[in-house]
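Okay, here's what each chain looks like letter by letter:
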Amino acid sequence: MSSKVLSTSANISSAESVENVILSARNISKSFPGPVIALDRVSLDLYAGEILALLGENGSGKSTFVKILYGIYTPDHGEILMKTGRILERVTINSPADAMSKGILMVSQVPQLISKLTVAENMALTLTSLRIHGVKSLTSIKKILKIISEESEKIGIKIDPNEKVYNLTYTQKQLVEILRAMIVNAKILLLDEALTYLPLLERRKLYQALLKLKEQGGSIVIITHKISEAMEISNRIAVLRAGKIVGVVNTWETTIDQVRVMMFGEERSKQISYVKVQTINPRGEPRIIIRNLHVEDDYGREIVRGVNLTIHAGEVVGIAGISGNGQRELLESIVGLRKIKSGDIYVDNVNVKRSGVKNIRELGVSFIPDRLLEHGISPEESIVENIAACTVRNGINIPWGLIEEISRELINSYQIIAPSTKTPVKYLSGGNILKTIVAREIENAKKALIACNPTRTLDEVSAIYVRRRIREKAVNENLAVLIASEDLDEVLMVSDIIYVMNTGRLYGPLTPEAPCEDIEKLMVM
Amino acid sequence: MVIETTIILRLTAAFTTMYLVALGHSIFEKSGILNLAIDGVFFLSTGVTTAVVVPLTWLLTARGLSLVLSTTLAALTAGLATAIIGIFMAWTLTKLPISHGAVGLSLMFLGYGLGIIAGYEVRLRVGSIRPYTYPDSLGIYLAILAITVLIGLLTYFFIFKTALGTAIRACGENPHVALALGASVLKTRLIAGLLGFFIMGVGASFFVLLWQKYWDIKTYLLGYGWLAFTIALAAGRHPIVLIPLAFMFGGLVEFSITLQARLGLQADLAKMLPFIAALILMIIYGSTKLRRIFEPPGSLGKVFYKEERTI
Ligand SMILES: Nc1ncnc2c1ncn2[C@@H]1O[C@H](COP(=O)(O)OP(=O)(O)OP(=O)(O)O)[C@@H](O)[C@H]1O
Ligand SMILES: [Mg+2]
């Protein structure tokens, strides 16, 4: 992976000096109905001028912790101290407005913006609550628009403040969030997988911005499942496991393997391996054939520009590439979720160009959508119901007993952390929600599996299990698999054949043995 | 000539009443709280108006002050009384995870009861309350009309062009995100409750003081609160769009008897006319691009619980 994202420089000073603490969380506990103990007496200090990576497997309590610091959750026990002048003082953070007034700001994986409002209108809420630039309740949006224009100019983030949020791309929305942090002048920035979904280029730009914040004495908490990236950009690493802090180490004093042991324990961390899952599979008959496919994105721009591709039974085809190059739209059109402008798609020699999702699913095609938290689930329904949603479609009598059993099996094998099978999925941690759907789609695939970034918010052990299952299914059950992923390691690990998608076109085929540099070149050319 | 003036007066009164009630209701619902209390609140306001306007008129006219002053003060008092309900509703439904429907309907019945208690005795004593209402003067009616339209324009500006109005819309769309952006959902909704219910209460008092010049405990059976509810719905809770619709619906109610005679309709059918019109309008919006503009707030009626996982 990109080892040159940035160098951590010599700024590793602060490790033990209490002098530098700007926030201290002490004995924080939080439980949820279930009962789930999300945090168990967590104590953690943040230092001025550091980037702290907060790591841990799915469901270990990372999001809960930062949500407490941002005032969304109230802890059951414990206290938070912050530096005022030279001493640490106890503070109460009852709301995000409180948190922001103390210089704390959180950005999460799903942009927290109101789609129907414009960028400036969204910002208006923050500006009023902090009285930034003298903005008050009755200040006109026009004036706020002007303030945002000027500020974004100054900061160097190009966003039209008059644009409705629903017209923005994901990246633009996250940039609005970052812009908000800058305008608020945040001292403590909490990034809960906020950068995970951004294309590499944007991520690198943001790292530069983070470095600047750090140099100015700010403190950044980064939550990520990409441990290698955490190693590169952080000064310290704190690891949570089942709601407890298992260790805090200086990044320069540790290794990836040690961090993994902290995260998963000796036993499970041994399962982590990035070598290709070796399975030999005879290529079967062509299962999915795509001919000269053209597809438009949500704004009517042509984003898939003449794709030809054949996926055989028993074979995993991987599409590498930076997200936003048409992968999502290509995959959506294959499963009938997006209108095809021209071209043809055949599944087992049936032209499914106009078949619609339901019929394509009935042909035995499974689908793992991108950014599933936003559109792939029924959050109010339980795990069982979410699994049933596709297991048994036909017939009026849903065999709940059977599905219950299947659900329990999936929870076991995919290690989904949940109080029970009846828990509404919205109560699961982000990664565990994804696991539920991924498990359902993989295990139910009869003929083909189409997956877009299937492991992006999974912890390493889960991600590796998912990749292994995908290969096993392809080989043992003669499944045709198409997987698009931003994570090149993932593509290399699971694929028999690799293509690179760039500005709507496919380049390839390449073999997984092809030099990495060649593939990366195709990605950024 | 005389007949024409009467028509103008009645139409103005019908419009003013329906518009203000629908406007206040819209402000409140923009903040995300489903207002099923509306009909009870409407009646409560008319009861309070009756109770207040009579003694107040005695008191003030004895000192040589005008009837217009006492009626206006009575309208404002009714507004304040209903504002208390608005604040209560906003507080309960933001602080506690209870159903909007349950609270709204309970408050509706409470409004009916309190309205009867408030107005009954006074009504018995004076018999007719016509002498305690606004005089039939074109000047006064037009002045009230002008103020009403001005309030509508100011509300439009407030909701769509100021930071606080934006916060109200944000809380209606998604209170969790509004909170994360720094808004206080409780404060915002309390303000929407106060302002919205105040305007609603003043509007409903005009039912007694300006429009019907009549009050009886059976007034609660008329369902004019629900009519305002329907108008707000058909106008997508938009202060400006509400103007023609309140005018049209007010007119439909006011002239339903005339229409009934002209078109030879049954009385019950004539009463349904406004609601049929509302349905037609909503079908038109729903099937065209207008849908986006008239969409209800995304979180309207949803229970708000701060620590709810929102993903
Ligand atoms: N609002 C809530 N209601 C109920 N349970 C919750 C809530 N928020 C979190 N939990 C539970 O608390 C535990 C910790 O969740 P959390 O979201 O903090 O995990 P995480 O470390 O962020 O995981 P991931 O990597 O998957 O995002 C999980 O078991 C989750 O189900
Ligand atoms: Mg999380």
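Computed from a predicted structure; not experimentally measured.

Conventions we followed
- Residues numbered from 1 in each chain as written.
- Chains lettered and ligands numbered in written order.
- Predicted model: local features only at pLDDT ≥ 70, side-chain atom pairs only at ≥ 80, totals over all residues.
- Heavy atoms only, no water.
- Helix = DSSP H or I, 4+ residues; strand = E, 2+ residues; numbered from the N terminus.
- Buried < 20%, exposed > 50% of the residue type's maximum accessible area, 1.4 Å probe, protein only.
- Areas by Shrake-Rupley, 256 points an atom, 1.4 Å probe, with all protein chains shown as cover.
- Lys, Arg positive; Asp, Glu negative; His and termini not counted.
- Charge placed at Lys NZ, Arg CZ, Asp CG, Glu CD.
- Near = heavy atom within 4 Å.
- Polar contact = N/O pair within 3.5 Å; in protein donor to acceptor, adjacent residues only side chain to side chain.
- pLDDT = per-residue confidence, 0-100.
- Pairing = 2+ DSSP bridges.
- Axes fitted to C-alpha atoms, helices over the stretch in contact; angles between N-to-C directions.
- Contact = heavy atoms within 4.5 Å.
- Expected span 1.5 Å × (residues − 1).
- Bend = angle between axes of the 7 residues up to and from the residue.
- Domains from an automatic or database assignment.
- Buried area = accessible area lost by both parts, 1.4 Å probe.
- Salt bridge = Lys/Arg side-chain N within 4 Å of Asp/Glu carboxyl O.
- Nonpolar A, V, L, I, M, F, W, Y, C, P; charged D, E, K, R; others polar.
- Phe/Tyr/Trp six-rings, centres within 6.5 Å; stacked < 30°, edge-to-face > 60°.
- Parallel < 35°, antiparallel > 145°, perpendicular 65-115°, else oblique.

Undergrad: Explain the overall build of chain B here, please?
TA: The secondary structure content of chain B amounts to 13 helices and zero strands. The N-to-C order of helical and strand elements in chain B reads α-α-α-α-α-α-α-α-α-α-α-α-α. Taking the principal axes of its C-alpha atoms as reference, chain B extends roughly 60 × 45 × 35 Å. Counting across all 311 residues of chain B, residues that qualify as buried make up 54%. Approximately 13,000 Å² of chain B is accessible, and the part contributed by carbon and sulfur atoms is 72%. Of the charged side chains in chain B, 22 are positive and 12 negative; the average position of the first set lies 6 Å away from that of the second.

Undergrad: What is the right way to read the site of ligand 1 from this model?
TA: Taken together, 22 residues lie around ligand 1, and A:Ser63, A:Thr64, A:Tyr427, A:Ser429 and A:Gly431 are the ones closest in. More than one chain reaches ligand 1: its neighbouring residues belong to chains A and B. With respect to ligand 1, the side chain of A:Asn58 contributes an N or O atom lying 3.0 Å from an oxygen atom. One of the side-chain nitrogen or oxygen atoms of A:Tyr73 is found 3.1 Å away from a nitrogen atom of ligand 1. Notes on ligand 1: free accessible area 640 Å², of which the protein chains cover 97%.

Undergrad: Where do I start with the confidence of the model for chain B in this structure?
TA: Do not read the predicted coordinates in detail wherever pLDDT is low. Mean pLDDT over chain B: 92, with 98% of residues reaching 70 or higher. ipTM for the predicted complex: 0.92, alongside a pTM of 0.87.

Undergrad: In this structure, what is going on with the sheet that holds strand 19 (residues 497-502) of chain A? I would like to understand it.
TA: Within a sheet, each strand pairs with its neighbour through backbone hydrogen bonds, oriented either parallel or antiparallel. Residues and elements named next belong to chain A. Reading across from one edge, 16-17-18-13-19-20 is the order of the six strands in this open sheet, with mixed pairing throughout. With one partner strand each, in any of the chains shown, strand 16 (365-368) and strand 20 (505-510) form the two edges of the open sheet. On average, adjacent strands in this sheet sit at an angle of 15 degrees to one another, irrespective of strand direction. Relative to strand 19, strand 13 (residues 316-320) runs parallel, the two being bridged by four bridges. Bridge pairing in strand 19 links alanine 320 to valine 500. Here helix 14 (residues 430-444) sits on the sheet and contacts strand 16 and strand 17 (448-452); the angle it forms with strand 16, its principal contact strand, is near 160 degrees. In this fold helix 15 (residues 460-477) packs onto strand 13, strand 17 and strand 18 (480-484), with an angle of close to 150 degrees to the strand it touches most, strand 18.

Undergrad: What is the right way to look at helix 4 (residues 100-126) of chain B in this model?
TA: Counting along an α-helix, one turn takes 3.6 residues, and residues three or four places apart therefore face a common direction. All names here are of chain B. Look at helix 4: 38 Å from first C-alpha to last across 27 residues, which is about the 39 Å you get at 1.5 Å a residue. Along helix 4, the largest kink reaches about 35 degrees and is centred on glycine 119. Here helix 4 has its buried residues at His100, Gly101, Val103, Gly104, Leu107, Met108, Gly111, Tyr112, Gly115, Gly119 and Val122. Close packing links the buried residues of helix 4 with helix 2 (38-62), helix 3 (67-95) and helix 9 (224-234). Its side-chain oxygen 3.2 Å from the backbone nitrogen of glycine 101, serine 99 forms the N-cap of helix 4. Of the residues flanking the end of helix 4, it is glycine 127, one or two places downstream, whose phi is positive at about 70 degrees.

Undergrad: Teacher, can you tell me more about the domain arrangement of chain A here?
TA: Where interface size is given, it is often the accessible area lost as the parts come together that is meant. All names here are of chain A. Entries for chain A in the domain assignment read domain 1 (1-103 + 186-270), domain 2 (109-173), domain 3 (286-364 + 445-524) and domain 4 (382-444). With centres defined by C-alpha atoms, the gap from domain 3 to domain 4 works out at 24 Å. Counting residues at the interface gives 14 residues for domain 3, matched by 13 residues for domain 4. Taken together, the two surfaces of domain 3 and domain 4 that pack against each other cover about 1,200 Å², and 55% of this comes from carbon and sulfur. Among the residues domain 3 hides against domain 4, the three largest losses belong to Arg361, Ala445 and Tyr465. Together they make up 33% of the total. Here domain 3 and domain 4 share two salt bridges between them. One salt bridge in this structure joins arginine 361 and glutamate 441, with 3.1 Å as the shortest N-O distance. Between domain 3 and domain 4 we count eight residue pairs in polar contact (both at pLDDT 80 or more) in total. Broken down by element, the side of domain 3 that touches domain 4 gets its largest block of residues, six residues, from helix 15. By residue class, the composition of the side of domain 3 that touches domain 4 is seven nonpolar, two polar and five charged.

Undergrad: Sorry if this is basic, but what is going on with the packing of aromatic side chains here?
TA: What describes a pair of aromatic rings is the distance from one ring centre to the other and the angle between the planes of the rings. All names here are of chain B. Applying the stated rule across the entire model yields 16 aromatic pairs over all chains. Geometrically, the ring pair formed by phenylalanine 15 and phenylalanine 247 is edge-to-face, given 5.9 Å between the ring centres and 65 degrees between the ring planes. One end of the pair, phenylalanine 15, is in helix 1 (residues 2-30); the other, phenylalanine 247, is in helix 10 (residues 242-254), and 232 residues separate them in sequence. Their ring planes at 85 degrees and their centres at 5.8 Å tell us that phenylalanine 207 and tryptophan 211 sit as a pair that is edge-to-face. Of the two residues, phenylalanine 207 and tryptophan 211 are both situated in helix 8 (residues 185-211); the distance of four residues between them amounts to about one turn of the helix. Judged on exposure class, the residue phenylalanine 207 and its partner tryptophan 211 are both buried. Members of the aromatic cluster, joined through ring pairs, are Phe42, Phe207, Trp211 and Tyr224.

Undergrad: Would you mind going over the sheet that holds strand 11 (residues 286-296) of chain A with me for this structure?
TA: Residue and element names in this part refer to chain A. Overall, antiparallel pairing links the four strands, which are arranged 12-11-14-15 in an open sheet. Every other strand in the sheet has two partners, leaving strand 12 (302-312) and strand 15 (350-351) as the edge strands with one partner each. Inspection of the sheet shows strand 11 paired to strand 14 (residues 340-347) by six bridges, in the antiparallel sense. Bridged to isoleucine 289 within strand 14 is tyrosine 346. Its contacts with the sheet put helix 9 (residues 327-334) on strand 11, strand 12 and strand 14, and the angle it makes with strand 11 is roughly 120 degrees.

Undergrad: In this structure, what is going on with the packing of helix 10 of chain B against helix 12 (residues 267-286) of chain B? I would like to understand it.
TA: When two helices pack together, their arrangement is given by the angle between the helix axes and by the axis-to-axis distance. Residues and elements named next belong to chain B. In the contact formed by helix 10 and helix 12, the axes pass within 9 Å of each other and the chain directions differ by 150 degrees. The angle between helix 10 and helix 12 falls in the class roughly antiparallel. Here helix 10 contributes Leu245, Met248, Phe249, Leu252 and Val253 to the contact with helix 12, which in turn contributes Leu273, Pro274, Ala277, Ala278, Leu281 and Tyr285. Residue composition of the contact of helix 10 with helix 12, by class: eleven nonpolar, no polar and no charged.

Undergrad: In this structure, what is going on with the interface of chain B and chain A? I would like to understand it.
TA: Each partner contributes to the interface: chain B provides 27 residues, whereas chain A provides 43 residues. When the two sides are added together, the surface that chain B and chain A hide from each other amounts to roughly 2,800 Å², 59% of it contributed by carbon and sulfur. Taken together, the links from chain B to chain A amount to four salt bridges. With a closest N to O distance of 2.9 Å, B:Arg169 and A:Glu121 form a salt bridge. In terms of residues, the side of chain B that touches chain A owes the most to one element, helix 6 (residues 163-173) of chain B, which gives seven residues. Here the residues of the side of chain B that touches chain A are counted per class, giving 14 nonpolar, four polar and nine charged.

Undergrad: Would you explain the side chain of B:Asp39 in this entry?
TA: Residue and element names in this part refer to chain B. Note that aspartate 39 resides in helix 2. Judged by its relative accessible area of 4%, aspartate 39 falls in the buried class. At a separation of 2.5 Å, a polar atom in the side chain of aspartate 39 contacts the side chain of tyrosine 112. Excluding residues within four positions of it along the chain, aspartate 39 makes contact with Met108, Tyr112, Tyr220, Gly223, Tyr224, Gly225 and Trp226.

Undergrad: Quick question: what am I supposed to make of the pattern of salt bridges here?
TA: Oppositely charged side chains are able to pair whenever their charged atoms sit close together. All names here are of chain A. Within this structure, the stated rule accounts for 44 salt bridges over all chains. Between glutamate 460 and arginine 260 there is a salt bridge, with its nearest N and O atoms 2.6 Å apart. Of this pair, glutamate 460 sits in helix 15 while arginine 260 sits in helix 8 (residues 256-269), and the two are 200 residues apart along the sequence. A relative accessible area of 6% means that glutamate 460 is categorised as buried. Take arginine 260: its relative accessible area is 13%, and that puts it in the buried class.

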